[in-house]
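Here are the chains, one letter per residue:
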Amino acid sequence: AQTVTQSQPEMSVQEAETVTLSCTYDTSESDYYLFWYKQPPSRQMILVIRQEAYKQQNATENRFSVNFQKAAKSFSLKISDSQLGDAAMYFCAYRSRGGSQGNLIFGKGTKLSVKP
Amino acid sequence: DTGVSQNPRHKITKRGQNVTFRCDPISEHNRLYWYRQTLGQGPEFLTYFQNEAQLEKSRLLSDRFSAERPKGSFSTLEIQRTEQGDSAMYLCASSREVSATQYFGPGTRLLVL
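In this text the structure is predicted, and so the values were computed from the model without any measurement.

(A) Region of the structure containing the environment of Asn18 of chain B. Residues and elements named next belong to chain B. Looking at where Asn18 falls in the secondary structure, it is placed in the loop between strand 2 (10-13) and strand 3 (19-24). The spatial distance from the C-alpha of Asn18 to the C-alpha of Leu39 is 22 Å, given a sequence separation of 21 residues. Beyond its immediate chain neighbours, meaning those up to four positions away, Asn18 contacts Glu78, Ile79, Gln80 and Arg81. Of note is the side chain of Asn18, whose polar atom sits 2.8 Å from the backbone nitrogen of Arg81.

(B) Structural context of the side chain of Ser82 of chain A. Residues and elements named next belong to chain A. Tracing the backbone shows Ser82 in the loop between strand 9 (74-79) and strand 10 (88-96). Residue classification places Ser82 among the buried residues on the basis of a relative accessible area of 2%. Within polar-contact distance, the side chain of Ser82 engages the backbone oxygen of Glu17 at 2.8 Å. In contact with Ser82, not counting residues within four places along its chain, are Val13, Gln14, Glu15, Ala16, Glu17, Thr18, Val19, Arg63 and Val114.

(C) Spotlight on the pattern of salt bridges. All names here are of chain A. Summed over the entire model, instances satisfying the criterion amount to eight salt bridges over all chains. The shortest N-O distance in the salt bridge between Arg97 and Asp31 comes to 3.1 Å. With a gap of 66 residues between them, Arg97 in the loop between strand 10 and strand 11 (105-106) and Asp31 in the loop between strand 4 (24-26) and strand 5 (32-39) connect regions that are remote in the sequence. In this structure Asp31 comes out as partly exposed when scored by relative accessible area, which is 27%. Here Lys55 and Glu52 are joined by a salt bridge, their closest N and O atoms 3.9 Å apart. Take Glu52: its relative accessible area is 13%, and that puts it in the buried class. Salt bridges sharing partners connect three or more residues here, namely Arg50, Glu52 and Lys55.

(D) Seen up close, the nonpolar core. Grouped together as the largest cluster of nonpolar side chains are 25 residues, with contacts concentrated most on Tyr25, Trp36, Phe75, Leu77 and Tyr90 of chain A. Per element, the largest residue contribution to this core is four residues, and it comes from strand 10 of chain A. Once you skip the residues sitting within four places of it in the chain, Tyr25 of chain A turns out to touch Thr3, Val4, Tyr32, Leu34, Phe68, Gln69, Lys70, Lys73, Ser74, Phe75 and Tyr94 of chain A. Among the nonpolar cores identified, the runner-up in size contains 19 residues, and Cys23, Phe49, Leu110 and Val112 of chain B belong to it.

(E) Main features of the interface of chain A and chain B. On the side of chain B, 22 residues touch chain A, which itself brings 19 residues to the contact. Applying the counting criterion to the chain A and chain B interface returns zero salt bridges. The tally of links from chain A across to chain B stands at five residue pairs in polar contact (both at pLDDT 80 or more). Residue composition of the side of chain A that touches chain B, grouped by class: seven nonpolar, nine polar and three charged.

(F) Up close: the side chain of Ser76 of chain A. If you trace the backbone, Ser76 of chain A turns up in strand 9. Not counting residues up to four positions away in its chain, the partners in contact with Ser76 of chain A are Thr20, Leu21, Ser22, Cys23, Trp36, Ser65, Val66 and Asn67 of chain A.

(G) Molecular detail of the pairing of strand 12 (residues 110-115) of chain A. Residue and element names in this part refer to chain A. Along strand 12, the buried face is formed by Thr110, Leu112 and Val114; none of Lys111, Ser113 and Lys115, which line the opposite face, is buried. Of the strand pairs in this sheet, strand 2 (residues 10-14) and strand 12 are connected by five bridges, and their pairing is parallel. When the sheet's bridge partners are listed, Gln14 is paired in strand 12 with Lys115. Taken together, the three bridges between strand 10 and strand 12 define a ladder with antiparallel strand orientation. Along strand 12, the bridge assignment pairs Tyr90 with Thr110.

Here is what the cut-offs are and how they apply
Residues numbered from 1 in each chain as written. Chains lettered and ligands numbered in written order. Predicted model: local features only at pLDDT ≥ 70, side-chain atom pairs only at ≥ 80, totals over all residues. Heavy atoms only, no water. Helix = DSSP H or I, 4+ residues; strand = E, 2+ residues; numbered from the N terminus. Contact = heavy atoms within 4.5 Å. Polar contact = N/O pair within 3.5 Å; in protein donor to acceptor, adjacent residues only side chain to side chain. Buried < 20%, exposed > 50% of the residue type's maximum accessible area, 1.4 Å probe, protein only. Salt bridge = Lys/Arg side-chain N within 4 Å of Asp/Glu carboxyl O. Core = buried A, V, L, I, M, F, W, Y, C linked by side-chain atoms within 4.5 Å. Nonpolar A, V, L, I, M, F, W, Y, C, P; charged D, E, K, R; others polar. Pairing = 2+ DSSP bridges.

As structure tokens, then:
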């Protein structure tokens, strides 16, 4: 079974600075998707960034980028120029590419605080 | 897209009562997922639908839980004889197809007293 581990329960960053959130996963599959979702307090979960395992190029979405290391099974999220609105729980998630199920497997999350 | 909606947003009930939650997915999304999130944890998969067919249920979904998606549109999740351990956030997500991004609703927070 696949597992996702986020080893940082909480992180803090100064506004305008850069922060990196860590995620490792365990799988025997070679083809899959990885995601970072953001869950602001009392608000719904939204997708931050998505990475297909077969793509070597790291995904980037504006101030958000990932460092995908397939051999090491590592998938970290870098947030540049942090803003107050980035404060939230961040969840790393895995999804198999094959099969018909498609459910996400989540880590426990990292709570990010942004200091003004 | 108007987004995934869930009702009610909050539910307080007494142990032993039945509760029902509703999820309205993004229109034309044929996949609908239910997840449960407890405090300090990430969401955990409960079940999913492809159109009106419920295709898989996780071990977390005891026989007190039942989900339906009549006509392949909205879905309901019912919990019978609630227990305090059922207290959690129940999240619904939908996607256009199996490989597509899942969009989440705001969740229903259940508190069982």
